Amino acid sequence: YFRRCYCIIAPSKYTAKALRKKIMERKIEVLPTGIDIEKFSGGDGSEIRRRYKDKKIILHVGRIVREKNLDLLIEAAPYILKQTDAVFIIVGEGPAKAELEEKVKKKNLQKHFIFTGFVKDEDLPDYYKSADVFVFPSIYETQGIVAFEAMAAGVPVAASTAKALPDFIKDGENGYLFDPYDAEECAEKVIEAMESKEIAKRASKFVMGYSIEKMTDRLLEIYSFGDYKNEGEM
């Protein structure tokens with residue numbers, strides 16, 4: 001299929017590199033999926049914050065499957081809770097949900113973990129805005145759109161070093177990175193993210209470069225001006 005195309009669009013450098021190993025003779029352009037900055041910056045998290053009073057809100061949004069590596073967040077929770085009173089809000093549905101809920105019970109963390117289930121798209125900005133930090137321990141991402149959404153909401157992100165995430169999140173610059181198999185390091189980075197107001201500002205500024213409008217303009221450039229007639233062009 002790919003070899004029938006003059007040009008292939010990949011959402012990250014990581015994905016482009018993976019494709020390049022399979023398809024040497026085609027042009028590959030890196031073009032991340034654009035984010036609706038206005039939508040996610042305009043949320044109101046006040047009602048959600050009222051539910052949890054003075055607790056820190058640690059958020060994850062996404063399909064609940066094993067590759068999202070939420071086991072790590074459960075393992076990291078006791079280290080985090082030693083330093084701050086927090087609630088972990090897990091937004092989304094998926095086949096691993098029941099297994100994770102059972103693990104939370106075994107570790108006696110039920111009071112600290114909230115599995116919301118499915119949340120309507122129009123309500124997601126409010127969840128992002130309520131958070132003190134967004135945690136993304138996934139071990140397989142080709143871009144990581146939810147991290148961009150959190151940044152657009154002005155929320156600092158702590159993410160794993162897996163796959164495409166380091167393409168966009170730079171440790172100590174616009175977010176924090178941790179080993180996806182190290183619960184203590186995950187906890188440390190989550191605490192750092194919560195305490196750093198400067199990182200949230202840098203993240204908001206960074207994600208402005210990935211708005212839907214800017215990515216659409218780039219897409220139009222690729223279609224309009226790309227010279228992909230020579231099949232052997234790299």
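Look up: the structure comes first, before these words.
Calculation criteria
Residues numbered from 1 in each chain as written. Predicted model: local features only at pLDDT ≥ 70, side-chain atom pairs only at ≥ 80, totals over all residues. Heavy atoms only, no water. Core = buried A, V, L, I, M, F, W, Y, C linked by side-chain atoms within 4.5 Å. Buried < 20%, exposed > 50% of the residue type's maximum accessible area, 1.4 Å probe, protein only. Helix = DSSP H or I, 4+ residues; strand = E, 2+ residues; numbered from the N terminus. Contact = heavy atoms within 4.5 Å. Salt bridge = Lys/Arg side-chain N within 4 Å of Asp/Glu carboxyl O. Phe/Tyr/Trp six-rings, centres within 6.5 Å; stacked < 30°, edge-to-face > 60°. Patch = residues over 30% accessible without salt bridge, like charges linked within 9 Å, V, L, I, M, F, W, Y side chains within 5 Å. Areas by Shrake-Rupley, 256 points an atom, 1.4 Å probe, with all protein chains shown as cover. Lys, Arg positive; Asp, Glu negative; His and termini not counted. Charge placed at Lys NZ, Arg CZ, Asp CG, Glu CD.

Some details on the nonpolar core
For step 1, the next point in the chain: Among the nonpolar cores identified, the biggest contains 39 residues, and Leu-59, Val-61, Ile-89, Val-91, Tyr-128, Phe-134 and Val-157 are the most heavily contacted of them.
For step 2, the next point in the chain: It is helix H7 (residues 145–152) that provides the largest number of residues to this core, a total of six residues.
For step 3, the next point in the chain: Those residues in contact with Val-91 that sit more than four places away from it in its chain are Leu-59, His-60, Val-61, Gly-62, Thr-116, Gly-117, Val-119, Leu-124 and Tyr-127.
For step 4, the next point in the chain: Core analysis: the second largest hydrophobic core is formed by 31 residues, Leu-72, Leu-109, Ala-158 and Ala-187 among them.

Focus on the pattern of salt bridges
It is possible for side chains of opposite charge to pair when their charged atoms get near one another.
For step 1, the next point in the chain: Under the counting rule described, the total for this entry stands at 13 salt bridges.
For step 2, the next point in the chain: For the salt bridge of Glu-75 with Lys-103, the shortest nitrogen-to-oxygen distance reads 3.1 Å. In this pair, Glu-75 sits in helix H4 (residues 70–81) while Lys-103 sits in helix H5 (residues 97–106), placing the two residues 28 residues apart along the sequence.
For step 3, the next point in the chain: A network of salt bridges, in which partner residues are shared, links Asp-71, Glu-75, Lys-103 and Lys-107.

Looking at the packing of aromatic side chains
Aromatic ring pairs are defined here through the distance separating the ring centres and the angle between the ring planes.
For step 1, the next point in the chain: Using the criterion set out here, one finds 11 aromatic pairs in the structure.
For step 2, the next point in the chain: Measuring from ring centre to ring centre gives 6.4 Å for Phe-113 and Phe-115, while their planes differ by 25°; the resulting arrangement is stacked.
For step 3, the next point in the chain: Of the residues examined, Phe-113 reaches a relative accessible area of 6% and is grouped as buried.
For step 4, the next point in the chain: Relative to Tyr-210, the ring of Phe-206 lies with its centre 5.1 Å away and its plane at 45°, an arrangement referred to as tilted.

Remarks on the side chain of Glu-141
For step 1, the next point in the chain: The residue Glu-141 is located in the loop between strand E6 (133–136) and H7 in this model.
For step 2, the next point in the chain: Discounting residues that sit within four places of it in the chain, Glu-141 has contacts with Tyr-14, Lys-68, Phe-136, Lys-163, Ala-164 and Leu-165.

Here's the deal with a negative patch on the surface
For step 1, the next point in the chain: Among the surface-exposed residues, Asp-36, Glu-38, Glu-213 and Asp-217 lie close enough to one another that they form a single negatively charged patch.
For step 2, the next point in the chain: Mapped onto the secondary structure, Glu-38 falls in helix H2 (residues 37–41).

Digging into the environment of Lys-214
For step 1, the next point in the chain: Assignment of secondary structure puts Lys-214 in helix H11 (residues 212–225).
For step 2, the next point in the chain: What makes Lys-214 partly exposed here is its relative accessible area of 47%.
For step 3, the next point in the chain: Spatially, the C-alpha atom of Lys-214 lies 19 Å from that of Gly-42, the residues being 172 residues apart in sequence.
For step 4, the next point in the chain: Not counting the four nearest positions on each side in its chain, Lys-214 is found in contact with Met-208 and Gly-209.

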